[in-house]
Amino acid sequence: AIMSWGNIRVFSGTANVDLAERVVKRLGLPLEKCAINKFANQETSVEVKASVRGEDVFIIGCGSGEVNDNLMELLIMISACKYASAKRVTAIIPIYPYARQDKKDKSRAPISAKLVANMLTVAGADHIITIDLHASQIQGFFDLPVDNLYAEPAIVKYIKENIDDFDKAIIVSPDAGGAKRVTSLADRLNLDFALIHKERKKANEVASMVLVGTVEGKVAILIDDIADTCGTICMAADKLVEAGATKVHAILTHGLFSGNALEKLNSSRIDTIVVTNTCPHDRIKAACPKVRTIDISSILSEAIRRTHNDESVSYLFTHVPL
């Protein structure tokens, strides 16, 4: 007999309800009710309003905005569903919190990404679905299945449909760490690539940059996984324009836009900034007309459907579901 996972039940944290609603709409399911509030002392209160006994539960969290609150909310939701006898709980974390603290880069530095993995495991998650992990080795911080989905197919589609003369473009990585991501994309589009070597004096501050590759007379497409303070991509854009690029587009999976990122982008030489909706962007689009969004809800809804039906998810590594 085939083991049944029960019915799909999708819940959402408070941070990215828009994405969750798009996901369930594509699945033709309701977003299940869950009352999430704060007590007077700011502790998180979660009350799951739908029965999840024997069901296949998917919880859509978010690792941006008030990161610690959102992580705690997700952990409590996972735990609440486990205690309510859910058959399986899958945490969908479009952007993994603390992903950049993934190694000891200085003495006595914590490896917080591993701590987050332990917390999710202890809370009772059976399976993790995330998008464009900052370092794919984070999958190995877990002893349970992690599906690291890629925004790359959606980015390829966006470039082909929205960037004029993309066949004369060049794909650029703003740092050496993203070289692998950029070469993979350049191969798929059959384009050249360049990369920028940066030296950091301290975190979130870039000191100097060196461009490796030729961009003269070409449309430069900057690719990175996280846009946080945006200092790197703004400096990279200056470097590319100085080196003779005709236009600069930046395509970034996770648009966190912290601090004065939007002011930097508005005054930068970047023509368009394209981000996916792993983080909510309505407020940002109002403040920065250069921002465009790629909707990745179809990737997540298809991942939920395939996971629930015990089908392979690897199709999503190369294709965008219709």
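Calculation criteria
Residues numbered from 1 in each chain as written. Predicted model: local features only at pLDDT ≥ 70, side-chain atom pairs only at ≥ 80, totals over all residues. Heavy atoms only, no water. Helix = DSSP H or I, 4+ residues; strand = E, 2+ residues; numbered from the N terminus. Rg over C-alpha atoms; globule rule 2.2 N^0.38 Å. Buried < 20%, exposed > 50% of the residue type's maximum accessible area, 1.4 Å probe, protein only. Contact = heavy atoms within 4.5 Å. Areas by Shrake-Rupley, 256 points an atom, 1.4 Å probe, with all protein chains shown as cover. Arc of directions from axis to C-beta. Core = buried A, V, L, I, M, F, W, Y, C linked by side-chain atoms within 4.5 Å. Pairing = 2+ DSSP bridges. Right-handed = clockwise from strand over helix to strand, strands pointing away. Salt bridge = Lys/Arg side-chain N within 4 Å of Asp/Glu carboxyl O. Phe/Tyr/Trp six-rings, centres within 6.5 Å; stacked < 30°, edge-to-face > 60°. Polar contact = N/O pair within 3.5 Å; in protein donor to acceptor, adjacent residues only side chain to side chain.

Enquirer: When you look at the overall build of the protein in this model, what are you seeing that I'm missing?
Expert: When you go through the protein residue by residue, the secondary structure sums to nine helices and 14 strands. On C-alpha atoms alone, the protein measures out to a radius of gyration of 20 Å, which is about the 20 Å that the 2.2 N^0.38 rule sets for 322 residues. Each of the three principal axes of the protein carries a C-alpha extent, and together these read 60 × 45 × 35 Å. Within the span of the protein, comprising 322 residues, buried residues form 52% of the whole. The long-range fraction of contacts in the protein, counting pairs at least 24 apart against all pairs at least 6 apart in sequence, stands at 62%. For the protein, the computed accessible surface area is about 15200 Å², with 50% contributed by carbon and sulfur atoms.

Enquirer: Just to check I follow, could you spell out helix 5 (residues 179-189) for this structure?
Expert: Residue pairs three or four apart in sequence face the same way in an α-helix, which turns once every 3.6 residues. Of the positions making up helix 5, those classed as buried are Ala179, Val182, Leu185, Ala186 and Leu189. Taken around the axis of helix 5, the buried residues stretch over an arc of 135°, which confines them to a single face. Set apart from the buried face of helix 5 by more than 90 degrees, the exposed residues are Lys180 and Asp187. Positive backbone phi, approximately 60°, marks asparagine 190, located one or two places after helix 5.

Enquirer: What exactly am I supposed to notice about the nonpolar core here?
Expert: One broad trend across soluble globular proteins is that nonpolar side chains are buried collectively. Ranked by size, the top nonpolar core spans 39 residues in total, and within it Leu149, Ile159, Ile171, Ile251 and Leu300 carry the most contacts. Residues Ile59, Ala117, Ile128 and Leu133 belong to the second largest nonpolar core, which totals 34 residues.

Enquirer: Mind showing me how you'd approach the pairing of strand 13 (residues 272-276) here?
Expert: Regular strands have side chains that alternate between both faces of the sheet. The buried count for strand 13 comes to five of five residues, which makes it a mostly enclosed element. Burial of the side chains of strand 13 extends over both faces: Thr272, Val274 and Thr276 are buried on one face and Ile273 and Val275 on the other. As judged from the four bridges shared by strand 12 (residues 247-255) and strand 13, these two strands associate in the parallel manner. Of the residues in strand 13, the one forming a bridge with histidine 249 is threonine 272. The handedness of the strand 12 to strand 13 crossover, carried by helix 7 (residues 261-266), is right-handed. Here strand 13 pairs with strand 14 (residues 291-294) via four bridges, running parallel.

Enquirer: I would appreciate a short explanation of the pattern of salt bridges in the present structure.
Expert: In a structure, side chains of opposite charge can pair up when their charged atoms sit close to one another. Throughout the structure, instances matching the rule amount to 21 salt bridges. Arginine 269 is the partner of glutamate 242 in a salt bridge, and the nearest nitrogen-oxygen pair spans 4.0 Å. Note that glutamate 242 is positioned in helix 6 (residues 231-242) and arginine 269 in the loop between helix 7 and strand 13, a separation of 27 residues in sequence. According to the relative accessible area criterion, glutamate 242 is exposed, its value standing at 60%.

Enquirer: Can you help me understand unusual backbone geometry in this one?
Expert: Excluding glycine, most residues fall at negative phi; most peptide bonds, likewise, are trans. The backbone of serine 85 shows a phi angle near 70°, a positive value even though the residue is not glycine. Mapped onto the elements of the fold, serine 85 is located in the loop between helix 2 (67-83) and strand 5 (88-93). We note that aspartate 310 has phi near 55°; this positive angle belongs to a residue other than glycine. Along the chain, the position of aspartate 310 falls in the segment after helix 9 (297-308).

Enquirer: Which parts of the structure should I look at to understand the environment of asparagine 37?
Expert: Residue position: asparagine 37 is located in strand 2 (residues 34-38). Residue contacts for asparagine 37: discarding those within four places in its chain leaves Glu43, Thr44 and Ser45.

Enquirer: Please clarify how the packing of aromatic side chains should be interpreted in this entry.
Expert: A ring pair, where both rings are aromatic, is described by two values, the distance of the centres and the angle of the planes. Under the criterion given, the structure shown has two aromatic pairs. Both rings, one in tyrosine 96 and one in phenylalanine 142, keep their centres 6.1 Å apart while their planes meet at 80°; by these two values the pair is edge-to-face. Of this pair, tyrosine 96 sits in the loop between strand 5 and helix 3 (112-123) while phenylalanine 142 sits in the loop between strand 6 (127-131) and strand 7 (146-149), placing them 46 residues apart in sequence. Considering the side-chain rings of tyrosine 150 and phenylalanine 317, the 5.2 Å spacing of their centres and the 55° angle between planes classify their relative orientation as tilted.

Enquirer: Explain the side chain of lysine 198 here, please?
Expert: On the secondary structure map, lysine 198 appears in strand 9 (residues 192-202). Within polar-contact distance, the side chain of lysine 198 engages the side chain of aspartate 175 at 3.4 Å. Within the structure, the side chain of lysine 198 is placed 3.3 Å from the side chain of threonine 232, a separation counted as a polar contact.

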